[in-house]
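# Results of the structural survey
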Amino acid sequence: MINPRVTLDSESLGPVEQKLQEPLEQQLTSALQQATHTVEDSYSGESVQQVAQELLVETKDGLHPDIAAGFAPDAAQLQAVAAAIVDEHR
């Protein structure tokens, strides 16, 4: 089972986001983990790129719209999670 974690770069956050960094990371991590489990359960041979896109959509669907609008995960790290899902099903 894959359990990714989201960490935010505090240097790139504004003052309000810095104060909310820990709960925001927890919420993002929870949404990404739920998305990972959903995508894993429904995986049926898609490419890594397709899985990464599904992960992004599912994660954003699990977030408040305001948070989802600002969620822009590192593409390489999202691809790594997607690759782990694909590799797990080979």
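To be clear, the structure that these remarks concern was listed above.
Just so it is clear, the structure is predicted and the values come from calculations on it, not from any experiment.

Moving on, we get to the packing of helix α2 (residues 21-42) against helix α3 (residues 48-61). In contact at an axis separation of 8 Å, α2 and α3 are set at 130° when each is read in the N-to-C sense. Judged by the angle between their axes, α2 and α3 are oblique. By crossing handedness, the relation of α2 to α3 is classed as right-handed. Residue-level inspection shows A31, L32, A35, T36, T38 and V39 of α2 in contact with α3, the latter providing V51, E54, L55, E58 and T59.

Time to look at α3. The first and last C-alpha atoms of α3 sit 20 Å apart over 14 residues, in line with the 20 Å expected at 1.5 Å per residue. Among the residues of α3, those classed as buried are V51, A52, L55 and T59. Angularly, the buried residues of α3 cover 100° about the axis, an arc narrow enough to put them on a single face. The elements touched by buried residues of α3 are α2 and α5 (75-88).

Where α3 meets α5, the closest approach of the two axes is 8 Å, and the angle between their N-to-C directions is 115°. The hand of the α3/α5 crossing is right-handed. Here V48, Q49, V51, A52, L55 and L56 of α3 lie close against α5, whose contacting residues are L78, Q79, V81, A82, A83, I85 and V86. Split by residue class, the contact of α3 with α5 holds 11 nonpolar, two polar and no charged.

Relative to the assigned elements, A69 resides in helix α4 (residues 65-70). On a C-alpha basis, the gap between A69 and Q50 in space is 20 Å, while along the polypeptide they are 19 residues apart.

Calculation criteria
Residues numbered from 1 in each chain as written. Predicted model: local features only at pLDDT ≥ 70, side-chain atom pairs only at ≥ 80, totals over all residues. Heavy atoms only, no water. Axes fitted to C-alpha atoms, helices over the stretch in contact; angles between N-to-C directions. Helix = DSSP H or I, 4+ residues; strand = E, 2+ residues; numbered from the N terminus. Parallel < 35°, antiparallel > 145°, perpendicular 65-115°, else oblique. Left-handed = near helix turned anticlockwise from the far one by under 90°. Contact = heavy atoms within 4.5 Å. Expected span 1.5 Å × (residues − 1). Buried < 20%, exposed > 50% of the residue type's maximum accessible area, 1.4 Å probe, protein only. Arc of directions from axis to C-beta. Nonpolar A, V, L, I, M, F, W, Y, C, P; charged D, E, K, R; others polar.

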